[in-house]
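A closer look at the structure
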Amino acid sequence: MRKRPIVSAAAGALALLLSVPASAAPAGPGAAGIGDPYYPNAGNGGYDVSHYDIRLKYQPTTDELEGTTTILATATQDLTRFNLDFVLDVKEVLVNGRAAAFAGTGEHELVITPARVITKGSPITVVVRYADRPGEVERGGQSAWLRTPDGGVAANEPESAAWWYPSNDHPTDKATFDVSVQVPDGTQVISNGTSTQSSRAGWTRYTYRQSKPQATYLATLAIGRFDIRTDTTPGGLPVITAYSTDLGDNAGAARASVERTGELVDWLSGYFGAYPFGTVGGYVPNVPTGYALETQGQIFYSPAQFARGTNTSVVVHELAHQWYGDSVSVQRWSEIWLNEGFARYSQWLWSEHENEGTAQELADYVYNLYPADHAFWTVKPGDPGADQQFAGAVYDRGAVAVQALRNAVGEDAFFRILKGWPTERRYGNATIRDFQAYAERISGKPLSELMNTWLFTAAKPAAGSAGVVASSPAKSSPAPTATAVVPSEPRSWKKIQETNTVHDHKD
Ligand code: TRP
Ligand code: ZN
């Protein structure tokens, strides 16, 4: 379901002019990566997926996962072979009904050579049969499968799919999903979208459907003992929440936070427009991690995020991603500010709403918290590098950039941009420069300088840049002496940073 290639339109047109007619082009292998500079092996070339059908069986006591994934795709070139991104042990591959040769590369690439050359534009059906213990599989010291005492969970960014299903693992190739998992009676399964279940001979099958386009890393799978609740918002949107039955002391705070999902999604719709998916929800498995992930319509939270009491701020952050990240996704991973800058900013709007500090106060606080020689300012939120993709600065400096935009274009244009952008780009992919062009069109103001200063410069912006103040306690009372007075900490600050502690494993 790729909407457009990563190369620019101009470069694409040029390539088209220079290339020989498709019919005469020799068939070749699909590229091992989709062309993302941060992750050269992420995704693959040569085809475009429209649907995943994932059919699994899982035994929690042994971590044995087996099953079959069927992929519906279309060839975008003549193909002698192509890759899928996958790390589990494969038993058999069929392409268009015929057995195909396959080999793992030791990375996350599964190389598939079909019996016949596939011609550009033709449909491809790939069936992959596999069996493995995902908790035992590591690649480059990384794993996306978290074992729990009663099962397991797939969660990671930018890569988690390869630990439970083969895919074209890049946000530019979105698809619809059917996920069907058999587990022993008494164990529950969580995935994206609407679900049904049936039981037979000691095993229960859970079947989930995501009928809206979904990026591969936003597909989620959790297996374990969960208490699942279903409800609907006043507007009729189904809300599905689930809690491990083993959350201990964190159970109350987790529920008191995540049970506000319906109310908070309605509140955010006021800023971002209609909610883009058919269901909303969240689940809290019994994992030792400290982060959350914006898995589509069914958010992954960690119990540790509720260890210091309720945290509605993290729920707001992950719900904001449903518009900024999930519906409108990055065109390349370097565009991560489009996700994290806005998800963090939504927490600032929530702080404002809760009278715990305005967005301006939070922006001023961040500005003053880090001196000019602090490493914080060396991170360019607009192009942080793969190593720093989830650094605190992508979030906090990224949200200051949003506040700078608000000050530059004024309240009216700002809120029209905030709401209009997810509508304009719904279910698609975009770059920061696309966003800039949109904001310029809506506001009628040139924004290059502001964007370059706040997002693309590895230095602290000058005091006063776009209304973000340096060291004055309040606008009405200028500092009496030359000595700078750092603004006091907004009441929401610590709670908001708790969302971020999460990223410490990467910072
Ligand atoms: N996108 C997640 C958030 O901001 C954070 C995140 C970054 C993450 N890397 C991750 C979560 C790896 C899980 C695993 O909410
Ligand atoms: Zn986030």
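The present account deals with the structure reproduced in this document. (Residues numbered from 1 in each chain as written. Chains lettered and ligands numbered in written order. Predicted model: local features only at pLDDT ≥ 70, side-chain atom pairs only at ≥ 80, totals over all residues. Heavy atoms only, no water.)

Let us look at the overall build of the protein chain. Scanning the protein chain for helices and strands turns up 11 helices and 22 strands. A compact globule built from 507 residues should have a C-alpha radius of gyration of about 23 Å, and the protein chain, at 23 Å, falls within 12% of that. When its C-alpha atoms are laid out on the principal axes, the protein chain stretches across 80 × 60 × 40 Å. Taking the intrachain contacts of the protein chain between residues at least 6 apart in sequence as the baseline, contacts between residues at least 24 apart amount to 71%. (Helix = DSSP H or I, 4+ residues; strand = E, 2+ residues; numbered from the N terminus. Rg over C-alpha atoms; globule rule 2.2 N^0.38 Å. Contact = heavy atoms within 4.5 Å.)

Note the cis peptide between Glu157 and Pro158, where omega equals 10°. Residue placement: Pro158 occurs in the loop between β11 (151-154) and β12 (175-184). Backbone geometry places Asn96, a non-glycine residue, at a positive phi of 50°. Examined against the element boundaries, Asn96 turns out to sit in the loop between β5 (90-95) and β6 (98-99). Residue classification places Asn96 among the partly exposed residues on the basis of a relative accessible area of 38%. Phi at Asn355 is positive, roughly 55°, even though this residue is not glycine. Under the relative-accessibility criterion, Asn355 is labelled exposed at 57%. (Buried < 20%, exposed > 50% of the residue type's maximum accessible area, 1.4 Å probe, protein only.)

So, on to the coordination of the zinc ion (ligand 2). Within the first shell, the zinc ion (ligand 2) binds the protein through His317 (NE2), His321 (NE2) and Glu340 (OE), at distances of 1.9 to 2.0 Å. Along the chain, the residues donating to the zinc ion (ligand 2) fall in the pattern H-x3-H-x18-E. Here His317, found in helix α4 (residues 312-323), pairs with Glu340, found in helix α5 (residues 337-353); they are 23 residues apart in sequence, far enough to count as distant. We note that His317, like Glu340, is buried. (Donors = N, O, S within 2.8 Å, 3.2 Å for Na, K, Ca; no water.)

What follows concerns the site of ligand 1. The local shell around ligand 1 holds 13 residues, among which Glu157, Glu294, Glu318, Glu340 and Tyr395 are the closest. Contact distances for ligand 1 include 2.5 Å between a nitrogen atom and a side-chain N or O atom of Glu157. Contacts to ligand 1 include Tyr395, whose side-chain N or O atom sits 2.9 Å from an oxygen atom. Considering ligand 1 on its own, with 370 Å² of exposed area, one finds that the protein chains cover 100% of that surface. When residues of the shell around ligand 1 are assigned to their parent elements, the largest contribution, three residues, is made by α4. By residue class, the composition of the shell around ligand 1 is five nonpolar, four polar and four charged. (Near = heavy atom within 4 Å. Polar contact = N/O pair within 3.5 Å; in protein donor to acceptor, adjacent residues only side chain to side chain. Areas by Shrake-Rupley, 256 points an atom, 1.4 Å probe, with all protein chains shown as cover. Nonpolar A, V, L, I, M, F, W, Y, C, P; charged D, E, K, R; others polar.)

Core analysis: the biggest nonpolar cluster contains 84 residues, and Tyr301, Trp337, Trp348, Phe435 and Trp454 have the highest contact counts within it. Looking at which element gives the most residues to this core, the answer is helix α7 (residues 392-409), with 10 residues. Setting aside its immediate chain neighbours within four residues, Phe435 contacts Trp337, Leu338, Phe342, Leu405, Ile417, Trp421 and Met451. Residues Val49, Trp145, Trp164 and Tyr165 belong to the second largest nonpolar core, which totals 59 residues. (Core = buried A, V, L, I, M, F, W, Y, C linked by side-chain atoms within 4.5 Å.)

Turning to the pattern of salt bridges, a few remarks are in order. Inspection of every chain in the model, using the stated rule, returns 18 salt bridges. Between Arg229 and Glu259 there is a salt bridge, with its nearest N and O atoms 3.7 Å apart. Separated by 30 residues along the polypeptide, Arg229 in strand β17 (residues 226-232) and Glu259 in the loop between α2 (251-258) and α3 (261-272) bring together distant segments of the chain. Its salt-bridge partner being Glu424, residue Arg441 comes within 2.6 Å of it at the nearest N-O pair. (Salt bridge = Lys/Arg side-chain N within 4 Å of Asp/Glu carboxyl O.)

Right, let's talk about the environment of Asn156 for a bit. By secondary structure assignment, the location of Asn156 is in the loop between β11 and β12. Once residues lying within four places of it in the same chain are set aside, the contact partners of Asn156 are Ser143, Ala144, Tyr217 and Leu293.

Residues separated by three or four positions in an α-helix point in the same direction, a consequence of the helix having 3.6 residues per turn. When the terminal C-alpha atoms of α3 are compared, their 16 Å separation across 12 residues agrees well with the 16 Å that a helix rising 1.5 Å per residue should span. Among the residues of α3, those classed as buried are Thr261, Gly262, Leu264, Val265, Trp267, Leu268 and Phe272. Among the structural elements, β18 (238-244), α2, β19 (280-284), α4, α5 and α8 (411-424) are those in contact with the buried residues of α3. One or two steps after α3, the chain reaches Gly273, where phi turns positive at roughly 90°. (Expected span 1.5 Å × (residues − 1).)

Applying the stated criterion to the full structure yields 35 aromatic pairs. Between the aromatic rings of Tyr291 and Phe300, the centroid separation amounts to 6.1 Å while the plane-to-plane angle is 40°, which identifies the pairing as tilted. Grouping residues by exposure puts Tyr291 and Phe300 together as buried. For the pair Trp421 and Tyr438, a centre-to-centre distance of 5.8 Å together with 55° between the ring planes defines the contact as tilted. Taken together, the residues Trp421 in helix α8 and Tyr438 in helix α9 (residues 432-443) connect sequence positions 17 residues apart. We note that Trp421, like Tyr438, is buried. Clustering of aromatic rings is evident, with ring pairs tying together Phe272, Tyr275, Phe277, Trp323, Tyr324, Trp337, Phe342, Trp421, Tyr427, Phe435 and Tyr438. Directly above the ring of Phe456 sits Arg433, whose terminal nitrogen or CZ lies 4.3 Å from the centroid. Against the face of Tyr367 rests Lys460, its NZ or CZ located 4.3 Å from the ring centre. (Phe/Tyr/Trp six-rings, centres within 6.5 Å; stacked < 30°, edge-to-face > 60°. Lys NZ or Arg CZ within 6 Å of the ring centre and 35° of its normal.)

Let us now look at the sheet that holds β5. If you walk across this open sheet you meet the eight strands as β6-β5-β9-β3-β2-β12-β15-β14, and the pairing is mixed. The sheet is open, and its two borders are formed by β6 and β14 (194-200), each paired with just one other strand. Looking at chain direction, β12 and strand β15 (residues 203-214) are connected through nine bridges and run antiparallel. Bridge pairing in β15 links Ala175 to Gln214. (Pairing = 2+ DSSP bridges.)

None of this, on its own, says anything about what the molecule does.
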